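# Fold and geometry: a report
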Amino acid sequence: MHAEGGIDVARKASTPTVSSFLAGLSAERRAELERVREVIRRSLPAGYEEVISKNMLVYQVPLDRYADTYNGRPLWYVALASEKSYISLHLMPVYGNKALAERLAEGFQTAGKKLDMGKACIHFKRSEDLALDVIAEIVASIELDRWVQIAQAARRR
């Protein structure tokens, strides 16, 4: 197998598409992911790309824009995963950003929703469990160039 731009050609050929990923979900689960996906895509600043990585929908900085990541892989911004008993929304901008974390918690509280969250990962069963307006706000909050600057500054520490 030869490499093409650092990517193993066989692995690249077997990478699932967004369509095939969604088609592999149950109709109910697909509908829930699609609703959140629509909010993300509508709010996402220009330049991020949507891919499937590690069996998740991932919105990331393309390697041709920022290749000097800590692990040599694209820098993730947001991800959406279908787990066995729940769905998870990974909002990387919230991790380490106290103001965004507080805004997220406040938005859920105002909407009367329970925030079931780890460091930057929200667990939910239905899209109705989310404060989608505040999620849209957070997704829209960091332009791609600024996200790259944040990642670069974190690596310099």
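Below is a summary of the structure that appears in this document.

Rules and cut-offs
Residue positions within a chain follow its written sequence, with the count starting from 1. Totals for whole chains, interfaces and linings use every residue, but because this is a predicted model, local features are given only for residues with pLDDT of at least 70 and side-chain atom pairs only at 80 or more, for both listing and counting. Note that the side-chain values use all heavy atoms of the structure and ignore hydrogens as well as water. Counting from the N terminus, the helices are the DSSP runs of H or I reaching at least four residues and the strands are the DSSP runs of E reaching at least two. Given a helix with a known number of residues, its expected span is that number minus one, times 1.5 Å. Relative accessible area decides the class of each residue, using a 1.4 Å probe on protein chains only: under 20% of the type maximum gives buried, over 50% gives exposed, and in between gives partly exposed. Starting at the helix axis, one direction is taken to each C-beta atom, and the arc is that of these directions. When checking whether two residues touch, look at their non-hydrogen atoms; a contact exists if any pair is within 4.5 Å. The rule for a salt bridge is simple: a side-chain nitrogen of Lys or Arg has to be within 4 Å of a carboxyl oxygen of Asp or Glu.

Here the focus is helix 6 (residues 144-156). Since there are 3.6 residues in each turn of an α-helix, residues three or four apart along the chain are aligned in direction. In a regular helix each residue adds 1.5 Å, so 13 residues correspond to 18 Å; helix 6 covers 19 Å between its end C-alpha atoms and thus fits that length. Taken together, the buried positions of helix 6 are occupied by L144, W147, V148 and A151. All buried residues of helix 6 lie within an arc of 100 degrees about the axis, which places them on one face of the element. Where helix 6 is buried, its residues touch strand 4 (56-61) and strand 5 (75-82).

If you walk through the whole model with that rule in mind, you get 11 salt bridges. Across the pair R42 and E38 runs a salt bridge whose closest N-O atoms are separated by 3.6 Å. Of this pair, R42 and E38 both sit in helix 3 (residues 27-43), 4 residues apart, which is roughly one turn of that helix. Taking the relative accessible area as the measure of exposure, R42 reaches 57% and is therefore exposed. Residue classification places E38 among the partly exposed positions, given a relative accessible area of 43%. The closest approach of N and O atoms between R41 and E50, which form a salt bridge, is 2.6 Å. Owing to a relative accessible area of 43%, R41 belongs among the partly exposed residues under this scheme. Linked through salt bridges whose partners overlap, the residues forming this network are E34, R37, R41 and E50.

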